[in-house]
Amino acid sequence: MTVFARNDTSPLGRWWWTVDRWTVSALSLLIAVGVLLVLAATPSVAERLTLDPYHLAWRHIAYVALAIAVLLGVSLLSPPSTRWLALAVFALAVAGIVVALVLGAETKGARRWIDLGPLSVQPSEFVKPSCAIVVAWLLARHRETGRAELGAAATGLVVLVLGLLFLQPDIGMATVILAAWYVQLLIAGLSLPWVVALTAGACGLAVAAYLLLPHVASRIDRFLDPASGDNFQVETSLQAFMNGGIFGRGPGQGTIKGVLPDAHADFIFAVAGEEFGLVACLLILALFAFVVLRGLSHALNETNLFVMVAVTGLAVQFGLQAVVHMGSSLRLLPAKGMTLPFISYGGSSLIAVALAMGLLLALTRRRIGDERP
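Calculation notes
- Residues numbered from 1 in each chain as written.
- Predicted model: local features only at pLDDT ≥ 70, side-chain atom pairs only at ≥ 80, totals over all residues.
- Heavy atoms only, no water.
- Axes fitted to C-alpha atoms, helices over the stretch in contact; angles between N-to-C directions.
- Helix = DSSP H or I, 4+ residues; strand = E, 2+ residues; numbered from the N terminus.
- Parallel < 35°, antiparallel > 145°, perpendicular 65-115°, else oblique.
- Left-handed = near helix turned anticlockwise from the far one by under 90°.
- Contact = heavy atoms within 4.5 Å.
- Phe/Tyr/Trp six-rings, centres within 6.5 Å; stacked < 30°, edge-to-face > 60°.
- Buried < 20%, exposed > 50% of the residue type's maximum accessible area, 1.4 Å probe, protein only.
- Patch = residues over 30% accessible without salt bridge, like charges linked within 9 Å, V, L, I, M, F, W, Y side chains within 5 Å.
- Areas by Shrake-Rupley, 256 points an atom, 1.4 Å probe, with all protein chains shown as cover.
- Salt bridge = Lys/Arg side-chain N within 4 Å of Asp/Glu carboxyl O.
- Expected span 1.5 Å × (residues − 1).

**Description of the packing of helix α6 (residues 148-167) against helix α7 (residues 171-187)**
If you want to describe how two helices pack, look at the angle between their axes and the distance between the axes. Running from N to C, α6 and α7 point in directions that differ by 165 degrees, and their axes come no closer than 8 Å. It follows that α6 is roughly antiparallel to α7 by the angle criterion. By crossing handedness, the relation of α6 to α7 is classed as left-handed. On α7, the residues that touch T155, V158, V161, L162, L165 and F166 of α6 are I171, M173, A174, I177, L178 and W181.

This is the structure:
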């Protein structure tokens with residue numbers, strides 16, 4: 001028996017019969033896995049902070065409730081409404097980044113957060129999904145009208161965001177946004193000379209980041225030569241995976257999380273590896289791959305250029321963020337503090353990912369005259 005009858009014309013009824021329920025199911029599983037892992041990882045962190053053992057876990061569950069509301073509410077929107085929402089979020093997020101640069105407290109050498117009393121907000125998290133939508137809108141209009149200034153505006157917005165992120169600095173976030181923009185340009189029909197020029201420019205930015213930002217150089221050097229500096233978190237993370245083996249030590253039985261400083265956030269994948277083993281890690285990886293490939297499949301079947309480019313950008317951002325987190329935990333990539341979407345503890349990251357996936361669901365919903373399965 002289905003939740004809604006086919007003749008149900010309520011907003012939720014229409015949503016249920018037009019949304020991609022397979023993607024909704026995969027995202028629901030990721031959220032559930034996240035709650036389970038946060039419950040396992042946060043007590044030791046709370047103890048170090050002299051808090052109640054489940055203080056952080058309860059906060060995460062409250063964030064999850066808000067994230068689900070955001071995901072559902074945004075997924076009810078029509079494609080034109082997603083553009084206006086993204087434009088408003090983008091403007092507020094850019095303003096928020098500027099405020100964080102001027103007034104935000106410095107944490108680990110970066111100014112990314114705005115302190116709002118009991119809560120802290122990271123505006124750059126909300127730039128990611130909103131930028132993907134606004135850029136897709138401008139690129140689609142550029143292709144439809146041939147107006148060069150629209151393409152230039154899309155490039156200008158991305159350059160503005162990258163510049164602000166470099167000032168924070170947040171190279172990981174900048175890399176995700178730049179990679180998604182690059183793929184969006186390819187989908188929008190970027191000519192070969194521009195592909196070569198942008199590839200060369202991206203390589204130049206990577207070299208500049210290495211030469212001009214000491215913390216970037218340090219992370220790359222330690223990745224290439226682990227003996228060249230402090231690799232405590234990464235080495236501890238690898239130890240967690242080795243302790244877990246194939247099937248894990250069991251829920252709550254992990255010990256490495258007690259000494260891993262960011263076990264609940266930037267290294268929560270290591271907690272999954274120790275307590276639930278290789279099998280669980282592969283299942284998590286499969287869920288992320290399913291969401292990304294499902295989104296790209298929808299994009300390839302689209303006739304609306306805006307939807308095609310926007311969905312591609314959102315899917316690439318989602319997948320790349322997961323790859324960076326998991327690759328850092330396994331020392332397959334240089335260490336980078338980046339949350340695992342829907343799984344790591346956090347407020348801003350969780351709500352921003354819910355916004356991104358709500359936008360993706362809204363854009364991939366079946367529309368009148370759409371015969372896609």
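**Quick word on unusual backbone geometry**
A cis amide bond, omega -10 degrees, links Q168 with the succeeding residue P169. With respect to the helices and strands, P169 occurs in the loop between α6 and α7. Despite not being glycine, T50 shows a phi value in the positive range, around 55 degrees. Relative to the helices and strands, T50 is located in the loop between α2 (21-48) and α3 (55-75).

**Concerning the packing of aromatic side chains**
Counted by the stated rule, this structure contains six aromatic pairs. The interplanar angle of 45 degrees and the centroid separation of 5.4 Å between the aromatic rings of F288 and F318 together place this pair among those described as tilted. Of this pair, F288 sits in helix α11 (residues 268-300) while F318 is found in helix α12 (residues 305-329), placing the two residues 30 residues apart along the sequence. Of the two residues, F288 and F318, both sit in the buried class. Following the ring pairs from residue to residue traces out a cluster consisting of F288, F318 and F342.

**Structural notes on a nonpolar patch on the surface**
On the surface, I246, F247, L278, V279, L282, L283 and L285 cluster together into a nonpolar patch covering about 700 Å² of accessible area. Its place among the elements puts L283 in helix α11.

**Examining the pattern of salt bridges**
Tallied over the full model, the rule gives seven salt bridges. For R112, the salt bridge goes to D170, with nearest N and O atoms at 3.9 Å. Taken together, the residues R112 in the loop between α4 (79-103) and β1 (114-116) and D170 in the loop between α6 and α7 connect sequence positions 58 residues apart. Taking relative accessible area as the criterion, D170 reaches 2% and is therefore assigned buried. The salt bridge partner of R141 is E144, with a shortest N-O separation of 3.1 Å. With R141 and E144 both in helix α5 (residues 124-145), this residue pair falls three residues apart, about one helical turn.

**Section: helix α13 (residues 348-364)**
Given a rise of 1.5 Å per residue, 17 residues ought to cover 24 Å, and the 24 Å separating the end C-alpha atoms of α13 matches this to within 8%. Within α13, 17 of the 17 residues are buried, leaving the element largely enclosed by the surrounding structure.

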